[in-house]
Amino acid sequence: MSSRELCTFLFTLVLISCRFNRVEAQLQVGYYTQSCWMAEFIVKNEVRNAFIRDRGLAAGLVRLHFHDCFVRGCDASVLIDSTPANSAEKDSPANNPSLRGFEVIDRAKAMLESTCKGVVSCADILAFAARDSIEITGGLGYDVPAGRKDGRISRASEASANLPPPTSDVDQLTQSFANKGLTQQEMVTLSGAHTIGRSHCPSFSNRLYSYNTTTVQDPSLDLSYAGRLKQQCPEGSTNANLVVPINPSSPATTDVDYYTDVLANRGLHTSDQTLLTNAATAKQVAQNAMNPTLWRSKFAAAMVRMGQIGVLTGSATGEIRTNCRVIN
Ligand code: HEM
Ligand SMILES: *[C@@H]1O[C@H](CO)[C@@H](O)[C@H](O)[C@H]1NC(C)=O
(Lines give C-alpha, C1' and ligand atoms only; values in the text may rest on other atoms or scores of the structure.)
(Ligands and ions follow the chains in the order given, each with its own letter.)
Protein backbone atom coordinates (compact mmCIF):
# COMPACT_ATOMS: atom_id res chain seq x y z
CA MET A 1 0.00 0.00 0.00
CA SER A 2 1.46 3.40 -0.97
CA SER A 3 1.46 6.17 1.62
CA ARG A 4 -1.26 7.91 -0.34
CA GLU A 5 -3.44 4.81 -0.27
CA LEU A 6 -2.73 4.43 3.42
CA CYS A 7 -3.82 8.01 4.00
CA THR A 8 -7.06 7.50 2.10
CA PHE A 9 -7.64 4.30 4.03
CA LEU A 10 -7.09 5.96 7.40
CA PHE A 11 -9.24 8.91 6.42
CA THR A 12 -12.04 6.55 5.44
CA LEU A 13 -11.72 4.76 8.77
CA VAL A 14 -12.08 8.06 10.63
CA LEU A 15 -15.14 8.92 8.56
CA ILE A 16 -16.70 5.54 9.21
CA SER A 17 -16.09 5.77 12.95
CA CYS A 18 -17.51 9.30 13.13
CA ARG A 19 -20.54 8.02 11.33
CA PHE A 20 -20.92 5.17 13.78
CA ASN A 21 -20.87 7.50 16.73
CA ARG A 22 -23.68 9.44 15.19
CA VAL A 23 -25.83 6.44 14.32
CA GLU A 24 -25.21 4.73 17.64
CA ALA A 25 -26.78 7.23 20.01
CA GLN A 26 -24.40 9.37 22.04
CA LEU A 27 -24.49 7.36 25.20
CA GLN A 28 -21.32 6.91 27.22
CA VAL A 29 -19.98 4.23 29.49
CA GLY A 30 -19.24 5.84 32.86
CA TYR A 31 -21.57 8.77 32.13
CA TYR A 32 -22.11 9.46 35.84
CA THR A 33 -18.46 9.16 36.89
CA GLN A 34 -18.15 12.91 37.52
CA SER A 35 -21.72 13.83 38.41
CA CYS A 36 -22.67 10.90 40.66
CA TRP A 37 -19.87 8.42 40.88
CA MET A 38 -21.79 5.95 43.03
CA ALA A 39 -24.84 5.82 40.74
CA GLU A 40 -24.22 2.35 39.34
CA PHE A 41 -23.29 0.97 42.77
CA ILE A 42 -26.51 2.28 44.27
CA VAL A 43 -28.59 0.59 41.56
CA LYS A 44 -26.64 -2.66 41.89
CA ASN A 45 -27.17 -2.63 45.63
CA GLU A 46 -30.95 -2.25 45.25
CA VAL A 47 -31.06 -5.03 42.66
CA ARG A 48 -29.10 -7.26 45.02
CA ASN A 49 -31.47 -6.52 47.93
CA ALA A 50 -34.47 -7.19 45.72
CA PHE A 51 -33.01 -10.48 44.48
CA ILE A 52 -32.50 -11.64 48.06
CA ARG A 53 -36.19 -10.91 48.78
CA ASP A 54 -37.47 -12.47 45.56
CA ARG A 55 -35.27 -13.97 42.86
CA GLY A 56 -38.01 -13.46 40.28
CA LEU A 57 -37.49 -9.71 40.44
CA ALA A 58 -34.31 -10.08 38.39
CA ALA A 59 -36.42 -11.43 35.52
CA GLY A 60 -38.93 -8.65 36.06
CA LEU A 61 -36.23 -6.00 35.74
CA VAL A 62 -34.81 -7.44 32.52
CA ARG A 63 -38.27 -7.47 30.99
CA LEU A 64 -38.97 -3.91 32.18
CA HIS A 65 -35.99 -2.65 30.20
CA PHE A 66 -37.17 -4.53 27.07
CA HIS A 67 -40.71 -3.20 27.38
CA ASP A 68 -39.35 0.29 27.95
CA CYS A 69 -37.06 0.26 24.91
CA PHE A 70 -39.58 -1.16 22.43
CA VAL A 71 -42.12 1.55 23.17
CA ARG A 72 -40.97 5.12 22.43
CA GLY A 73 -37.36 4.09 22.96
CA CYS A 74 -35.53 3.59 26.26
CA ASP A 75 -37.02 6.65 27.97
CA ALA A 76 -38.61 5.12 31.07
CA SER A 77 -42.08 5.70 29.61
CA VAL A 78 -42.99 2.25 30.95
CA LEU A 79 -42.64 3.54 34.52
CA ILE A 80 -45.14 6.40 34.26
CA ASP A 81 -48.38 5.90 36.19
CA SER A 82 -51.75 6.32 34.53
CA THR A 83 -53.79 9.42 35.38
CA PRO A 84 -57.52 10.03 35.03
CA ALA A 85 -56.74 11.66 31.69
CA ASN A 86 -54.25 9.11 30.39
CA SER A 87 -53.94 5.34 30.32
CA ALA A 88 -50.18 4.73 30.47
CA GLU A 89 -48.06 1.92 28.98
CA LYS A 90 -47.94 0.00 32.23
CA ASP A 91 -51.71 -0.46 32.07
CA SER A 92 -51.71 -2.00 28.62
CA PRO A 93 -52.67 -5.71 28.65
CA ALA A 94 -49.12 -6.34 27.37
CA ASN A 95 -47.83 -5.06 30.71
CA ASN A 96 -50.58 -5.36 33.29
CA PRO A 97 -50.64 -7.52 35.39
CA SER A 98 -47.45 -9.25 34.31
CA LEU A 99 -44.72 -6.57 34.56
CA ARG A 100 -42.94 -6.42 37.87
CA GLY A 101 -40.01 -4.74 39.57
CA PHE A 102 -41.36 -1.17 39.68
CA GLU A 103 -40.67 -0.82 43.43
CA VAL A 104 -37.03 -1.78 42.91
CA ILE A 105 -36.63 1.13 40.50
CA ASP A 106 -38.49 3.42 42.93
CA ARG A 107 -36.09 2.49 45.72
CA ALA A 108 -33.00 3.03 43.60
CA LYS A 109 -34.38 6.37 42.41
CA ALA A 110 -35.16 7.55 45.95
CA MET A 111 -31.64 6.65 47.04
CA LEU A 112 -30.15 8.42 44.01
CA GLU A 113 -32.26 11.55 44.55
CA SER A 114 -31.05 11.77 48.13
CA THR A 115 -27.40 11.41 47.10
CA CYS A 116 -27.28 13.19 43.72
CA LYS A 117 -30.48 15.17 43.27
CA GLY A 118 -31.77 15.47 39.72
CA VAL A 119 -28.84 13.73 38.05
CA VAL A 120 -29.62 10.11 37.19
CA SER A 121 -32.44 9.35 34.74
CA CYS A 122 -35.01 6.63 35.31
CA ALA A 123 -34.21 5.27 31.84
CA ASP A 124 -30.57 4.75 32.84
CA ILE A 125 -31.61 3.15 36.12
CA LEU A 126 -33.65 0.63 34.10
CA ALA A 127 -30.66 -0.12 31.85
CA PHE A 128 -28.31 -0.57 34.83
CA ALA A 129 -30.83 -2.70 36.71
CA ALA A 130 -31.32 -5.01 33.71
CA ARG A 131 -27.56 -5.51 33.42
CA ASP A 132 -27.23 -6.13 37.17
CA SER A 133 -30.09 -8.64 37.02
CA ILE A 134 -28.42 -10.58 34.25
CA GLU A 135 -25.17 -10.58 36.17
CA ILE A 136 -26.72 -11.64 39.47
CA THR A 137 -28.48 -14.57 37.80
CA GLY A 138 -25.18 -15.82 36.37
CA GLY A 139 -25.10 -14.05 33.03
CA LEU A 140 -22.23 -12.00 31.69
CA GLY A 141 -21.91 -8.49 33.07
CA TYR A 142 -21.29 -5.69 30.58
CA ASP A 143 -20.65 -1.94 30.49
CA VAL A 144 -23.84 0.06 30.05
CA PRO A 145 -23.55 3.21 27.94
CA ALA A 146 -25.63 5.85 29.73
CA GLY A 147 -26.91 9.40 29.40
CA ARG A 148 -30.55 8.71 28.50
CA LYS A 149 -33.14 11.35 29.33
CA ASP A 150 -36.63 10.45 30.52
CA GLY A 151 -39.61 10.97 28.26
CA ARG A 152 -42.81 12.79 29.13
CA ILE A 153 -45.35 10.67 27.24
CA SER A 154 -46.70 7.18 27.93
CA ARG A 155 -49.68 5.65 26.15
CA ALA A 156 -51.14 2.19 26.70
CA SER A 157 -52.06 1.88 23.02
CA GLU A 158 -48.41 2.25 22.01
CA ALA A 159 -47.40 -0.68 24.22
CA SER A 160 -49.85 -3.03 22.50
CA ALA A 161 -48.78 -1.70 19.11
CA ASN A 162 -45.03 -2.13 19.62
CA LEU A 163 -44.59 -5.18 21.82
CA PRO A 164 -44.78 -8.50 19.96
CA PRO A 165 -47.52 -10.75 21.37
CA PRO A 166 -46.63 -14.29 22.53
CA THR A 167 -48.67 -15.69 19.64
CA SER A 168 -46.23 -14.20 17.11
CA ASP A 169 -44.63 -16.40 14.48
CA VAL A 170 -41.01 -16.07 13.45
CA ASP A 171 -41.72 -13.63 10.61
CA GLN A 172 -43.73 -11.37 12.89
CA LEU A 173 -40.98 -11.44 15.51
CA THR A 174 -38.33 -10.66 12.92
CA GLN A 175 -40.40 -7.73 11.65
CA SER A 176 -41.09 -6.43 15.13
CA PHE A 177 -37.37 -6.39 15.98
CA ALA A 178 -36.45 -4.97 12.57
CA ASN A 179 -38.84 -2.10 13.29
CA LYS A 180 -36.55 -1.28 16.23
CA GLY A 181 -33.34 -1.65 14.22
CA LEU A 182 -32.50 -5.10 15.57
CA THR A 183 -31.55 -8.08 13.42
CA GLN A 184 -33.18 -11.49 13.31
CA GLN A 185 -30.11 -12.94 14.98
CA GLU A 186 -30.39 -10.39 17.79
CA MET A 187 -34.04 -11.37 18.13
CA VAL A 188 -33.05 -15.02 18.67
CA THR A 189 -30.23 -14.00 21.01
CA LEU A 190 -32.48 -11.76 23.10
CA SER A 191 -35.25 -14.35 23.28
CA GLY A 192 -32.77 -16.23 25.47
CA ALA A 193 -33.85 -13.85 28.26
CA HIS A 194 -36.71 -16.34 28.64
CA THR A 195 -34.23 -18.54 30.46
CA ILE A 196 -35.35 -16.68 33.61
CA GLY A 197 -38.72 -15.73 34.99
CA ARG A 198 -42.30 -16.78 34.73
CA SER A 199 -45.36 -16.54 32.55
CA HIS A 200 -49.05 -16.20 33.34
CA CYS A 201 -51.31 -18.97 32.00
CA PRO A 202 -53.22 -16.77 29.50
CA SER A 203 -49.93 -16.05 27.70
CA PHE A 204 -49.84 -19.61 26.35
CA SER A 205 -53.13 -21.36 27.23
CA ASN A 206 -54.31 -21.14 23.62
CA ARG A 207 -51.63 -23.75 22.89
CA LEU A 208 -53.24 -26.12 25.37
CA TYR A 209 -56.96 -25.62 24.83
CA SER A 210 -57.82 -23.70 21.68
CA TYR A 211 -55.08 -23.95 19.08
CA ASN A 212 -57.33 -23.53 16.05
CA THR A 213 -60.82 -24.45 14.89
CA THR A 214 -59.92 -28.08 14.22
CA THR A 215 -57.06 -28.78 16.63
CA VAL A 216 -57.19 -28.37 20.41
CA GLN A 217 -53.53 -28.62 21.33
CA ASP A 218 -50.54 -27.08 19.54
CA PRO A 219 -48.90 -30.06 17.79
CA SER A 220 -45.48 -28.45 18.12
CA LEU A 221 -45.67 -28.73 21.91
CA ASP A 222 -44.04 -31.74 23.60
CA LEU A 223 -46.86 -33.97 24.90
CA SER A 224 -45.65 -34.59 28.42
CA TYR A 225 -44.75 -30.94 28.87
CA ALA A 226 -48.23 -30.00 27.63
CA GLY A 227 -49.69 -32.38 30.20
CA ARG A 228 -47.77 -30.69 32.99
CA LEU A 229 -48.82 -27.24 31.79
CA LYS A 230 -52.46 -28.30 31.75
CA GLN A 231 -52.19 -29.29 35.42
CA GLN A 232 -50.64 -25.94 36.27
CA CYS A 233 -53.14 -24.01 34.15
CA PRO A 234 -56.56 -25.72 34.37
CA GLU A 235 -58.91 -24.88 31.53
CA GLY A 236 -61.25 -22.01 32.31
CA SER A 237 -59.52 -21.14 35.59
CA THR A 238 -60.42 -17.65 36.75
CA ASN A 239 -57.34 -17.36 38.96
CA ALA A 240 -55.41 -14.53 37.30
CA ASN A 241 -52.35 -15.22 39.44
CA LEU A 242 -51.46 -18.63 38.01
CA VAL A 243 -47.90 -18.63 36.70
CA VAL A 244 -45.34 -21.17 35.50
CA PRO A 245 -41.58 -20.83 35.12
CA ILE A 246 -40.60 -20.25 31.48
CA ASN A 247 -37.50 -22.43 31.89
CA PRO A 248 -38.50 -24.88 34.65
CA SER A 249 -35.08 -26.51 35.08
CA SER A 250 -33.35 -23.29 36.19
CA PRO A 251 -35.81 -20.36 36.37
CA ALA A 252 -33.42 -17.98 38.16
CA THR A 253 -30.25 -18.72 36.19
CA THR A 254 -29.18 -16.97 33.02
CA ASP A 255 -27.95 -19.95 31.02
CA VAL A 256 -28.69 -21.56 27.63
CA ASP A 257 -31.37 -23.93 28.93
CA TYR A 258 -33.98 -21.84 27.16
CA TYR A 259 -32.53 -22.99 23.85
CA THR A 260 -32.36 -26.60 25.05
CA ASP A 261 -36.06 -26.34 25.91
CA VAL A 262 -36.93 -24.98 22.48
CA LEU A 263 -34.95 -27.76 20.78
CA ALA A 264 -36.94 -30.30 22.84
CA ASN A 265 -40.28 -28.73 21.83
CA ARG A 266 -40.63 -27.30 25.30
CA GLY A 267 -40.64 -23.65 24.35
CA LEU A 268 -43.44 -22.16 26.43
CA HIS A 269 -44.92 -19.51 24.16
CA THR A 270 -45.71 -19.79 20.47
CA SER A 271 -43.09 -17.04 20.06
CA ASP A 272 -40.45 -19.32 21.62
CA GLN A 273 -41.25 -22.53 19.76
CA THR A 274 -41.60 -20.73 16.43
CA LEU A 275 -37.84 -20.17 16.35
CA LEU A 276 -37.51 -23.76 15.13
CA THR A 277 -39.73 -23.19 12.11
CA ASN A 278 -37.21 -21.14 10.14
CA ALA A 279 -33.85 -22.54 9.00
CA ALA A 280 -31.79 -19.51 10.03
CA THR A 281 -33.35 -19.06 13.47
CA ALA A 282 -33.35 -22.82 14.14
CA LYS A 283 -29.64 -22.86 13.41
CA GLN A 284 -29.11 -20.02 15.89
CA VAL A 285 -31.11 -21.87 18.55
CA ALA A 286 -28.98 -25.00 18.10
CA GLN A 287 -25.77 -23.00 18.12
CA ASN A 288 -26.69 -21.13 21.29
CA ALA A 289 -27.72 -24.34 23.03
CA MET A 290 -24.32 -25.85 22.29
CA ASN A 291 -22.19 -22.80 22.93
CA PRO A 292 -23.00 -21.04 26.22
CA THR A 293 -19.90 -18.84 26.09
CA LEU A 294 -20.79 -17.54 22.65
CA TRP A 295 -24.40 -16.86 23.63
CA ARG A 296 -23.44 -15.05 26.83
CA SER A 297 -21.35 -12.55 24.96
CA LYS A 298 -23.82 -12.19 22.09
CA PHE A 299 -26.56 -11.58 24.65
CA ALA A 300 -24.57 -8.87 26.44
CA ALA A 301 -23.86 -7.14 23.11
CA ALA A 302 -27.50 -7.39 22.03
CA MET A 303 -28.66 -5.91 25.34
CA VAL A 304 -26.40 -2.91 24.75
CA ARG A 305 -27.92 -2.50 21.28
CA MET A 306 -31.45 -2.84 22.62
CA GLY A 307 -30.56 -0.20 25.22
CA GLN A 308 -29.84 2.32 22.46
CA ILE A 309 -33.26 2.19 20.81
CA GLY A 310 -34.73 5.66 20.39
CA VAL A 311 -32.87 7.18 23.32
CA LEU A 312 -33.27 10.84 24.21
CA THR A 313 -29.83 12.34 24.71
CA GLY A 314 -28.20 15.74 24.99
CA SER A 315 -30.65 18.54 24.45
CA ALA A 316 -33.36 16.28 23.02
CA THR A 317 -36.73 16.80 24.64
CA GLY A 318 -36.32 14.82 27.80
CA GLU A 319 -35.85 15.36 31.49
CA ILE A 320 -34.44 13.76 34.61
CA ARG A 321 -37.62 12.70 36.34
CA THR A 322 -37.70 13.24 40.12
CA ASN A 323 -40.15 10.39 40.67
CA CYS A 324 -40.01 7.69 38.00
CA ARG A 325 -43.80 7.32 38.10
CA VAL A 326 -44.68 10.91 37.22
CA ILE A 327 -43.38 13.47 34.73
CA ASN A 328 -41.84 16.56 36.33
C1 HEM B 1 -39.28 -12.12 21.06
C2 HEM B 1 -40.39 -11.56 21.45
C3 HEM B 1 -40.89 -11.71 22.86
C4 HEM B 1 -42.14 -12.09 23.23
C5 HEM B 1 -43.29 -12.40 22.31
C6 HEM B 1 -42.15 -12.13 24.68
C7 HEM B 1 -43.26 -12.48 25.43
C8 HEM B 1 -43.22 -12.72 26.79
C9 HEM B 1 -44.32 -13.18 27.56
C10 HEM B 1 -45.72 -13.47 27.04
C11 HEM B 1 -43.90 -13.31 28.84
C12 HEM B 1 -44.72 -13.80 30.02
C13 HEM B 1 -45.56 -12.66 30.58
C14 HEM B 1 -46.49 -13.18 31.61
O15 HEM B 1 -47.55 -13.69 31.22
O16 HEM B 1 -46.19 -13.12 32.81
C17 HEM B 1 -42.53 -12.92 28.88
C18 HEM B 1 -41.76 -12.93 30.01
C19 HEM B 1 -40.46 -12.48 30.04
N20 HEM B 1 -39.77 -11.90 29.01
FE21 HEM B 1 -40.32 -11.86 27.08
N22 HEM B 1 -40.93 -11.78 25.15
C23 HEM B 1 -40.13 -11.51 24.08
C24 HEM B 1 -38.82 -11.05 24.13
C25 HEM B 1 -38.15 -10.75 25.28
C26 HEM B 1 -36.92 -10.02 25.35
C27 HEM B 1 -36.18 -9.43 24.15
C28 HEM B 1 -36.57 -9.96 26.66
C29 HEM B 1 -35.39 -9.29 27.30
C30 HEM B 1 -34.25 -9.07 26.71
C31 HEM B 1 -37.58 -10.67 27.41
C32 HEM B 1 -37.56 -10.89 28.76
C33 HEM B 1 -38.54 -11.55 29.47
C34 HEM B 1 -38.39 -11.96 30.85
C35 HEM B 1 -37.13 -11.81 31.70
C36 HEM B 1 -39.60 -12.54 31.22
C37 HEM B 1 -39.99 -13.06 32.60
C38 HEM B 1 -40.60 -11.90 33.37
C39 HEM B 1 -40.94 -12.17 34.82
O40 HEM B 1 -40.63 -13.24 35.33
O41 HEM B 1 -41.50 -11.26 35.45
N42 HEM B 1 -38.55 -11.10 26.54
N43 HEM B 1 -42.14 -12.54 27.62
C1 LIG C 1 -54.98 -26.42 12.72
O2 LIG C 1 -53.68 -26.88 13.05
C3 LIG C 1 -53.35 -28.17 12.49
C4 LIG C 1 -52.02 -28.57 13.08
O5 LIG C 1 -51.03 -27.60 12.81
C6 LIG C 1 -53.34 -28.07 10.99
O7 LIG C 1 -53.02 -29.34 10.44
C8 LIG C 1 -54.69 -27.60 10.50
O9 LIG C 1 -54.66 -27.39 9.12
C10 LIG C 1 -55.12 -26.30 11.20
N11 LIG C 1 -56.50 -26.01 10.87
C12 LIG C 1 -56.91 -24.79 10.54
C13 LIG C 1 -58.35 -24.63 10.24
O14 LIG C 1 -56.14 -23.81 10.47
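The rules we used
- Residues numbered from 1 in each chain as written.
- Chains lettered and ligands numbered in written order.
- Predicted model: local features only at pLDDT ≥ 70, side-chain atom pairs only at ≥ 80, totals over all residues.
- Heavy atoms only, no water.
- UniProt positions renumbered as here; feature names shortened; annotations may be inferred.
- Helix = DSSP H or I, 4+ residues; strand = E, 2+ residues; numbered from the N terminus.
- Rg over C-alpha atoms; globule rule 2.2 N^0.38 Å.
- Buried < 20%, exposed > 50% of the residue type's maximum accessible area, 1.4 Å probe, protein only.
- Contact = heavy atoms within 4.5 Å.
- Areas by Shrake-Rupley, 256 points an atom, 1.4 Å probe, with all protein chains shown as cover.
- 1 Å grid on protein atoms, 1.4 Å probe; cavity = no way out; pocket = protein on both sides within 12 Å on 5 of 7 lines; lining within 4 Å.
- Points joined across faces, edges and corners; volume = space filled by probe spheres on them.
- Nonpolar A, V, L, I, M, F, W, Y, C, P; charged D, E, K, R; others polar.
- Phe/Tyr/Trp six-rings, centres within 6.5 Å; stacked < 30°, edge-to-face > 60°.
- Lys NZ or Arg CZ within 6 Å of the ring centre and 35° of its normal.
- Near = heavy atom within 4 Å.
- Polar contact = N/O pair within 3.5 Å; in protein donor to acceptor, adjacent residues only side chain to side chain.
- Sits in = over half its atoms within 2 Å of the grid points.

The name given to the chain in an unreviewed UniProt entry is Peroxidase, with the source organism recorded as Daucus carota subsp. sativus. Quoted verbatim from the Catalytic activity (unreviewed entry) field of the UniProt record, the comment on the chain reads "2 a phenolic donor + H2O2 = 2 a phenolic radical donor + 2 H2O". Recorded under Function (unreviewed entry), the UniProt text for the chain is reproduced unchanged: "Removal of H(2)O(2), oxidation of toxic reductants, biosynthesis and degradation of lignin, suberization, auxin catabolism, response to environmental stresses such as wounding, pathogen attack and oxidative stress. These functions might be dependent on each isozyme/isoform in each plant tissue."

Novice: When you look at the overall build of the chain in this model, what are you seeing that I'm missing?
Specialist: Scanning the chain from terminus to terminus reveals 14 helices and four strands. Computed over C-alpha atoms, the radius of gyration of the chain comes to 21 Å, within 12% of the 20 Å expected from 2.2 N^0.38 for 328 residues, which places it in the range of a compact globule. Going through the 328 residues of the chain one by one, you find that 48% of them count as buried. Relative to all contacts within the chain whose residues are 6 or more apart in sequence, the contacts with residues 24 or more apart total 74%. Summing over all exposed atoms, the chain offers an accessible surface of approximately 15,500 Å²; the carbon and sulfur share of this is 56%.

Novice: Would you explain empty space enclosed by the protein in this entry?
Specialist: A water-sized probe rolled over the atoms picks out the places where empty space is left. The full count for this structure, using the stated rule, is three cavities of 30 Å³ or more. The wall of the largest cavity is formed by His65, Ala127, Tyr142, Val144, Pro145, Arg148, Met303, Val304 and Gly307. Per-class residue counts for the lining of the largest cavity are six nonpolar, two polar and one charged.

Novice: I would appreciate a short explanation of the packing of aromatic side chains in the present structure.
Specialist: Aromatic ring pairs are reported here in terms of the distance separating the ring centres and the angle at which the planes meet. In the structure shown here, the tally under the stated rule is nine aromatic pairs. Among the aromatic residues, those joined into a cluster by ring pairs are Tyr258, Tyr259, Trp295 and Phe299. For Lys90, the ring lying beneath its charged end belongs to Phe102, and the centroid distance is 4.5 Å.

Novice: Can you walk me through the UniProt feature "binding site: heme b" (unreviewed entry) in the chain in this structure?
Specialist: When the UniProt feature table is mapped to this numbering, "binding site: heme b" (unreviewed entry) covers His194. Residue placement: His194 occurs in the loop between α8 (184–191) and β3 (198–200). Apart from the residues lying within four places of it in its own chain, the contact partners of His194 are Ile246, Asn247, Tyr258, His269 and Asp272.

Novice: Would you take a moment to explain the site of ligand 1 for this structure?
Specialist: In the vicinity of ligand 1 lie 26 residues, with Arg100, His194, Arg198, His200 and Ser203 positioned nearest. Within the contact set of ligand 1, an oxygen atom lies 2.9 Å away from a backbone nitrogen or oxygen of Arg198. When each cavity is represented as a set of grid points, ligand 1 is found to reside in the largest pocket. If you list the elements that add at least two residues to the shell around ligand 1, you get α3 (56–69), α7 (170–178), α8 and β3. Ranked by residues supplied to the shell around ligand 1, first place goes to α3 with five residues. Along the lines of polarity and charge, the residues of the shell around ligand 1 split into 13 nonpolar, ten polar and three charged.

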